[in-house]
Amino acid sequence: MIALSAEVAERLEGFNAMKEGRLKIIGNAPQPALKIIARFQRRFPDIRVDFGLYDWTTAKSMIGNRLADVGLITDAPDHEHWEKIHIESARYVIYCRCDHPFAKRARISLAELEQETVIVPEKGSLTRRLLDRACDRYDISLNRVATMTTFPLMCEAVLQGIGVALFLQNSSLIKNNLCEIDIEEMPEARDTSLIATKDRARLKLVSEFINAAIE
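Read on for a plain summary of the structure. These figures come from a predicted structure and were not determined experimentally.

**Observations regarding the pattern of salt bridges**
At step 1: All chains considered together, the criterion is met by twelve salt bridges.
At step 2: Put simply, Lys35 and Glu88 hold a salt bridge, and the shortest N to O gap is 4.0 Å. In this pair, Lys35 is assigned in helix H2 (residues 33-43) and Glu88 in strand S4 (residues 82-90), connecting sequence segments 53 residues apart.
At step 3: With a relative accessible area of 23%, Glu88 lands in the partly exposed category.
At step 4: With its nearest N and O atoms 3.1 Å apart, the salt bridge here joins Arg91 to Asp182. Separated by 91 residues along the polypeptide, Arg91 in the loop between S4 and strand S5 (92-97) and Asp182 in strand S10 (residues 178-183) bring together distant segments of the chain.
At step 5: Residue Arg91 is classed as partly exposed on the basis of its relative accessible area, which comes to 28%.
At step 6: The class of Asp182 is buried, set by a relative accessible area of 19%.

Written out as structure tokens, the structure is:
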């Protein structure tokens, strides 16, 4: 018991000094989570950070069930037990190759994609929910839809010529041979927020990550 007590005290001292510890971060898109993680790790290189991408529904559930410390979630709901901090706003856009016929367009209608292969995230994603809502509202049918699990995979599929993809603008620093086109039926900016349960937001590891996020 004495040895265990000493070990606990040492670990607490290490956590408080940010010399050891582990954070589990989740997001429904790579950016801005990766930018914040990079900033955090430059300050605290001894802290282990695990990051995973999940669809919108799963990401919300993981925060609610305390399966992750922090989430970067687009259109995150308000919750009495959550801290919610606005990080950035972005519109949905169409990604296509720079040699695609749409590449020089500034704006496009979903109706013009009825004969295109449209690459979208999985069913539980916010992207799919908003896309389905827009198609229902404007009576548009997308006849060719390909489902991909992550944004990097969607980008690779676009570059390989499989089709065009729908995702948030500026979702990656990878811009080579990719163009972004605004969508007429989806002009609204969507807010991405940092989410943490209020009890975890008070922890040193989490509070320092929040500080890195809001600077």
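**What about the packing of aromatic side chains?**
At step 1: A complete count under the given rule lists four aromatic pairs for this structure.
At step 2: With centroids separated by 4.7 Å and ring planes inclined at 40°, the aromatic side chains of Phe151 and Phe167 adopt a geometry described as tilted. Taken together, the residues Phe151 in helix H5 (residues 151-159) and Phe167 in strand S9 (residues 164-168) connect sequence positions 16 residues apart.
At step 3: According to the relative accessible area criterion, Phe151 is buried, its value standing at 4%.
At step 4: Note on Phe167: relative accessible area 6%, which makes it buried.
At step 5: Three or more aromatic residues joined by ring pairs make a cluster, and in this case those are Phe40, Phe44 and Phe209.
At step 6: For the cation-ring pair, Lys60 lies above Trp56, with the distance from its terminal atom to the ring centre recorded as 4.1 Å.

**Let's talk about the nonpolar core**
At step 1: In terms of nonpolar packing, the biggest core is built from 49 residues, with Leu110, Leu113, Leu166 and Met186 touching the most fellow members.
At step 2: Going through the elements one at a time, helix H3 (56-64), S4, S5, strand S7 (117-120), helix H4 (126-137), H5, S9 and S10 are the ones with two or more residues in this core.
At step 3: Those residues in contact with Met186 that lie beyond four places of it in its chain are Tyr92, Leu110, Leu130, Leu131, Ala134 and Leu166.
At step 4: Val70, Leu72, Leu194 and Ala212 belong to the second largest nonpolar core, which has 21 residues in total.

**Remarks on unusual backbone geometry**
At step 1: In this structure, the amide linkage connecting Gln31 to the following residue, Pro32, adopts the cis form with an omega of 5°.
At step 2: For Pro32, the position within the fold is in the loop between strand S1 (22-27) and H2.
At step 3: Of note, Arg66 is a non-glycine position whose phi angle comes to about 60°, a positive value.
At step 4: Under the relative-accessibility criterion, Arg66 is labelled partly exposed at 38%.

Reading the values: rules and limits
- Residues numbered from 1 in each chain as written.
- Predicted model: local features only at pLDDT ≥ 70, side-chain atom pairs only at ≥ 80, totals over all residues.
- Heavy atoms only, no water.
- Salt bridge = Lys/Arg side-chain N within 4 Å of Asp/Glu carboxyl O.
- Helix = DSSP H or I, 4+ residues; strand = E, 2+ residues; numbered from the N terminus.
- Buried < 20%, exposed > 50% of the residue type's maximum accessible area, 1.4 Å probe, protein only.
- Phe/Tyr/Trp six-rings, centres within 6.5 Å; stacked < 30°, edge-to-face > 60°.
- Lys NZ or Arg CZ within 6 Å of the ring centre and 35° of its normal.
- Core = buried A, V, L, I, M, F, W, Y, C linked by side-chain atoms within 4.5 Å.
- Contact = heavy atoms within 4.5 Å.

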